[in-house]
Amino acid sequence: MDSERFHKVLTSPRLALTVLVLISIYTGVASWLPWVRGTVNPPVWAEATGLDHPFTAIPFLLLILLLFISTGACTLKRLHYSRGLFAGEPSGLGMRIPVASLAPGWETILLAQGYRRVGNRLYRRRWAFFSGPILHIGLLVVLAGVTVQQGFQESGSFELAEGEMVRLDAATGVMDRVRGPFAPEQPPALEIGLDSFDPFHRQAGYAPDRLSTLLIRDHSAAREQQATLDRAHGVKIGATEIFHAIPNGLALKMEIAGMGLRMLHLREMSPTTSAGTFTAPDGNTVRFVVETERSLYDPLGTGNVGVRLESPYQTTTIMKGMPFLFGTEPAKITAITRWAGFTYSRSFGTGVIFAGFGVVLLGSFLLLFSSGVAAVSPGNRGEELNIYQNRGQKELLRLLAESTGSPLEEA
Amino acid sequence: MMETQSVLFWSAATLYAGATLLFFVGGVFRREWGTDAGRWAAMAGLVPHLMAILLRWQEVGHGPYNTRYEVVSANAFVLVVCYLIATFRMPRFKGIGMIILPVAFLMMGWGVSTYGVRAEVPIIFKSYWLWLHIGFAKAFAATTLIAGACAGAFLAKEGRPERLPGLPEPARLDTASYQFLLISFLFLGVMIIAGSLWAHQSWGRYWAWDPIETSSLVTWIAFGIILHLRTLHGWTGRRFAWLGLVALAFGVATIYVVTLVVPTIHNSYLVGK
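Conventions adopted
Residues numbered from 1 in each chain as written. Chains lettered and ligands numbered in written order. Predicted model: local features only at pLDDT ≥ 70, side-chain atom pairs only at ≥ 80, totals over all residues. Heavy atoms only, no water. Helix = DSSP H or I, 4+ residues; strand = E, 2+ residues; numbered from the N terminus. Rg over C-alpha atoms; globule rule 2.2 N^0.38 Å. Buried < 20%, exposed > 50% of the residue type's maximum accessible area, 1.4 Å probe, protein only. Contact = heavy atoms within 4.5 Å. Areas by Shrake-Rupley, 256 points an atom, 1.4 Å probe, with all protein chains shown as cover. Core = buried A, V, L, I, M, F, W, Y, C linked by side-chain atoms within 4.5 Å. Axes fitted to C-alpha atoms, helices over the stretch in contact; angles between N-to-C directions. Parallel < 35°, antiparallel > 145°, perpendicular 65-115°, else oblique. Left-handed = near helix turned anticlockwise from the far one by under 90°. Nonpolar A, V, L, I, M, F, W, Y, C, P; charged D, E, K, R; others polar. Phe/Tyr/Trp six-rings, centres within 6.5 Å; stacked < 30°, edge-to-face > 60°. Pairing = 2+ DSSP bridges. Buried area = accessible area lost by both parts, 1.4 Å probe. Salt bridge = Lys/Arg side-chain N within 4 Å of Asp/Glu carboxyl O. pLDDT = per-residue confidence, 0-100. Expected span 1.5 Å × (residues − 1).

Peer 1: Quick rundown of the overall build of chain B? Include the residues and the values.
Peer 2: Helix and strand counts for chain B come out as eight helices and zero strands. Beginning at the N terminus, the succession of helices and strands in chain B can be written as α-α-α-α-α-α-α-α. Relative to a compact globule of 273 residues, whose C-alpha radius of gyration would be 19 Å, chain B shows 19 Å and is just as compact. Principal axes of the C-alpha set define a box for chain B whose edges measure 55 × 50 × 30 Å. Of all 273 residues assigned to chain B, the portion counted as buried reaches 61%. In chain B, the proportion of contacts linking residues at least 24 apart, taken out of those at least 6 apart, comes to 78%. Summed over its atoms, the accessible surface of chain B is roughly 10,700 Å², and 70% of this surface lies on carbon and sulfur atoms.

Peer 1: Explain the nonpolar core to me, and be specific about the residues and the numbers.
Peer 2: All names here are of chain B. Ranked by internal contacts, the top residues of the largest apolar core, which has 87 residues, are Phe 93, Ile 96, Leu 101 and Ile 146. Element by element, the count of residues in this core is highest for helix α5 (residues 129-157), at 14 residues. The residues contacting Ile 146, other than those within four sequence positions of it, are Leu 79, Cys 82, Tyr 83, Phe 93, Ile 100 and Phe 180.

Peer 1: I'd love a proper account of the packing of α5 of chain B against helix α6 (residues 170-203) of chain B, names of residues and values included.
Peer 2: Residues and elements named next belong to chain B. Following both chains from N to C, one finds α5 and α6 inclined at 160°, their axes separated by 7 Å at the closest point. Compared by their axis directions, α5 and α6 come out roughly antiparallel. Judged by the twist between their axes, the crossing of α5 over α6 is left-handed. Tallied by class, residues from the contact of α5 with α6 come to 26 nonpolar, seven polar and two charged.

Peer 1: For the packing of aromatic side chains, give the residues involved together with the corresponding values.
Peer 2: Residue and element names in this part refer to chain B. Applying the stated criterion to the full structure yields 32 aromatic pairs over all chains. Relative to Trp 131, the ring of Trp 57 lies with its centre 5.9 Å away and its plane at 10°, an arrangement referred to as stacked. Here Trp 57 is found in helix α2 (residues 32-60), whereas its partner Trp 131 is found in helix α5, with 74 residues between them in sequence. Residue classification places Trp 57 among the partly exposed positions, given a relative accessible area of 33%.

Peer 1: Would you mind going over the pairing of strand β20 (residues 372-379) of chain A in detail, with residue names and values included?
Peer 2: Residues and elements named next belong to chain A. Bridge count between strand β3 (residues 121-124) and β20: four bridges; the pairing is antiparallel. If you follow Tyr 123 over to β20, its bridge partner there is Val 373. Relative to strand β21 (residues 382-389), β20 runs antiparallel, the two being bridged by eight bridges. Across the sheet, Ala 374 pairs through a bridge with Ile 387, a residue of β21. If you look at the hairpin formed by β20 and β21, you'll find two residues sitting between the two strands.

Peer 1: Tell me about the interface of chain B and chain A, and name the residues and values.
Peer 2: By a widespread convention, an interface's size corresponds to the accessible area lost as its parts come together. The interface of chain B with chain A comprises 37 residues on the first partner and 46 residues on the second. Interface of chain B and chain A: buried area, both sides summed, is about 3,800 Å²; carbon and sulfur atoms make up 71% of it. Together, Ile 123, Tyr 206 and Trp 209 of chain B form the three largest contributors to the area buried by chain B at its contact with chain A, with a combined 19%. Inspection of the region where chain B meets chain A yields two salt bridges.

Peer 1: With reference to specific residues and values, describe the pattern of salt bridges.
Peer 2: All names here are of chain A. Enumeration over the complete set of coordinates arrives at 30 salt bridges over all chains. A salt bridge links Asp 209 to Arg 210; its shortest N-O distance comes to 3.0 Å. When sorted by exposure, Asp 209 lands in the same class as Arg 210, which is buried. Among the charged side chains, a network of salt bridges with common partners joins Arg 287, Glu 291, Arg 308 and Glu 310.

Peer 1: Give a detailed account of the pairing of strand β8 (residues 209-218) of chain A, specifying residues and quantitative values.
Peer 2: All names here are of chain A. Burial analysis of β8 places nine of its 10 residues in the buried class, the great majority of the element. Both strand β7 (residues 190-201) and β8 contribute to a ladder of nine bridges, which runs antiparallel. Looking at β8, one finds that Phe 197 is bridged to Ser 212. Adjacent in sequence and paired antiparallel, β8 and strand β9 (residues 223-230) are bridged by four residues, among which Ala 222 carries a positive phi angle near 50°.

Peer 1: Describe the packing of α5 of chain B against helix α8 (residues 237-261) of chain B, listing the residues and the values that go with them.
Peer 2: Each packed pair of helices is defined by two parameters, the angle between the axes and the distance between the axes. Residue and element names in this part refer to chain B. Direction vectors running N to C along α5 and α8 enclose 150°, while the axes themselves pass 8 Å from each other. As α5 packs across α8, the resulting crossing turns out to be left-handed. Of the residues in α8, those in contact with Ala 137, Phe 140, Ala 141, Thr 144, Leu 145, Gly 148, Ala 151, Gly 152, Phe 154 and Leu 155 of α5 are Gly 237, Arg 238, Ala 241, Trp 242, Gly 244, Leu 245, Ala 247, Leu 248, Gly 251, Ile 255 and Tyr 256. Across the contact of α5 with α8, the residue classes tally to 14 nonpolar, six polar and one charged.

Peer 1: Which residues make up the confidence of the model for chain A, and what values do they have?
Peer 2: Per-residue confidence for chain A gives a mean pLDDT of 91; residues scoring 70 or more make up 99%. Here helix α1 (residues 3-10) of chain A stands out as the element of chain A with the lowest mean pLDDT, 84, in contrast to β8 of chain A, whose mean of 96 is the highest.

Peer 1: How would you sum up the sheet that holds strand β13 (residues 267-270) of chain A? Please name residues and give values.
Peer 2: Residue and element names in this part refer to chain A. Read from one edge to the other, the open sheet built from five strands follows the order β13-β14-β15-β16-β17, with strand pairing classed as antiparallel. With one partner strand each, in any of the chains shown, β13 and β17 (315-318) form the two edges of the open sheet. For this sheet, the mean inter-axis angle between neighbouring strands, taken without regard to orientation, is 25°. Taken together, the seven bridges between strand β14 (residues 273-279) and strand β15 (residues 285-292) define a ladder with antiparallel strand orientation. By the bridge assignment, Gly 276 is partnered in β15 with Phe 288.

Peer 1: Now, about helix α2 (residues 13-30) of chain A: what can you tell me, with residues and values included?
Peer 2: For α2 of chain A, with 18 residues, the first-to-last C-alpha span of 25 Å sits near the 26 Å given by 1.5 Å per residue. Within α2 of chain A, the full set of buried residues consists of Leu 15, Ala 16, Val 19, Ile 23, Ser 24, Tyr 26, Thr 27 and Ala 30 of chain A. On its buried side, α2 of chain A packs onto α1 and α4 (58-86) of chain A together with α7 (211-231) of chain B.

Rendered as structure tokens:
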């Protein structure tokens, strides 16, 4: 395929339309998939084809690449075209009318329609010729920004109970970590502690929701800050942002002989039952089950709490402060508290994406304005008015025709 | 306060219903006074409607963006306001009230089904982006409906311009449909971007392919395709009118349907019980 034909294919509306329709169908279906929404695990066939993560799957990335190339090619073509109009060369879509067939006051009609003389041309909102290219340049900036940002971004989640601290770059510090191919190998060197957590804090005008006080130590920059966090805004330390997540649950603070204090995070089984399975010091698997009098979501509190330890050999009811055997080691529960979930993210390039958004909006805004150019030049039958207006041209030509009292004759 | 609110709401609904009847008189029986009176009735209806919205705002402590009643009532208000602004700029456009006012009235009927529901807004609504996102969402919904109304009216009159004489002529409807779709495209863009920035502020991610996010993006793409077909390929008249109805379907699905059908990040909007 020669380069001209290749260019024609790249700038063809059919290619652009096909890519856009495919992307729309793909994203529309993929966003509804139950495993994408997190309600079920992905089936085997989805994992085998990469469609367990459809928005990072090869077919989708190829479609986006094709969109970028098609949009870029079309934008260059239209930019050339818009520059021509801006320079006063009415396009082939315009109409050539013999000046002799126009009424003497034709220029007055154009001036009344918002045209202004610049040199030997008449323009109407000349700057709006670039509205379409500006919008598409914005789209290219967004696509490029997303590519860079996705390449460098990383995010993950972690849980903390009151009094607990976690280092994000520790082996078990972070869960569900997602990182782009160029993101740092390790999570950020942040140590985060939860000073206080209120799952039902009421701020004036809003439903009760989580509020936490965190102590954040940035070991890479030797700085520390305390932050109060709700679900409305994150907190930024260095290049990392931390956000309050929705999940929270009960936690058991245990003192284990030879191991010190440990925090065991339980998972909700029902509003009044939470449980967690752990490996005891002797290697056996044990399960802690906590039953509460009231729901976990009751703002008045859970009420009375009962704890039992289920091991392969027996089930034991445990009271707070009462010694029991955790595997082979003596232990006791010193407190029953709550853990809260948080997320962190580090991404480079988000500013480029937001700048792209701004350019897209600017282009969209400029689209609201119609623009036009009119130029008189010599023609086959004397002087001709070559006039082009991107919107409302028919109405303008009707006004010119009305002034002559007869239909306009095209040159 | 509840009783006053109810009286104001029903006053507005009654005036919109009256406007509907008057527009039909004007549109079907060629009575210019009917169209003019309908427009005045719509304007009059805005007064108690606005007061009802403000009283509910005062009562619950947040704007009209949470429960189904609040959202749909406010959207109906914005729809009528947008229609009236258009008629001030384009007086020949007033006949389209024959479609707009019944839609507004039906929206009031839908909203009132959850009139008694009060709900606190979640803490994630504590953001300045809320005003941009929700404000432009309402403007998008209204202008899309008006564009669709113009498209539908065009199809009704095409080939028989003498039909429904109260409506503008087909050429005017074709142009208006395009103009409103263009404005709607801008409003949708602002809505999407403001929502994205809000999500980034609250959750640290600007996009997660949530069903409502995806639906709004697909709608924006659909609008873009339709506008390209008009500006670059000269699609006008009947073809463009049908596309206008397609755009309306996308817009309605994004604003009203997706959040009611599937769990999304938008489930604290259009709350019904």
